[in-house]
Amino acid sequence: MRILAIVVLVAFMALPAAADEPTVKLKPGSGLDKVEANCGACHSLVYIQMNSPFLNAAGWNAEVTKMIKAFGAPISDADAKDIAAYLAANYGT
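Being a predicted model, the structure only gives us computed values, none of them experimental.

1. Section: the pattern of salt bridges
Overall, the coordinates contain three salt bridges when judged by the stated rule. We note a salt bridge from Lys34 to Asp82, for which the minimum N-O separation is 2.5 Å. In this pair, Lys34 is assigned in helix α2 (residues 32-39) and Asp82 in helix α5 (residues 77-91), connecting sequence segments 48 residues apart. A salt bridge links Glu63 to Lys66, with the shortest nitrogen-to-oxygen separation between them at 3.3 Å. Within this pair, Glu63 and its partner Lys66 are both found in helix α4 (residues 57-69), separated by three residues, close to a single helical turn. Connected via shared salt-bridge partners are Lys34, Asp79 and Asp82.

Conventions adopted
Residues numbered from 1 in each chain as written. Predicted model: local features only at pLDDT ≥ 70, side-chain atom pairs only at ≥ 80, totals over all residues. Heavy atoms only, no water. Salt bridge = Lys/Arg side-chain N within 4 Å of Asp/Glu carboxyl O. Helix = DSSP H or I, 4+ residues; strand = E, 2+ residues; numbered from the N terminus.

Shown next, in the form of structure tokens:
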């Protein structure tokens, strides 16, 4: 029972942090819909803007692959290719 109370308390403490998340407007382009649907389902899209100064096309491809293989993101091969292409074209170095 004590563990449940701690879990609930931690969850309530995290709510204000989630409420402060900024609205992220990514650059328009082919594949944006797939980025928003697939990437935004698990994490904030602000990570794309934060990482853009550091990643080239190979880096974005590796990030998409990592999300699928290491974190189990349910992204099809076709969508993964489109997502990586969008990120490289719009947020690559």
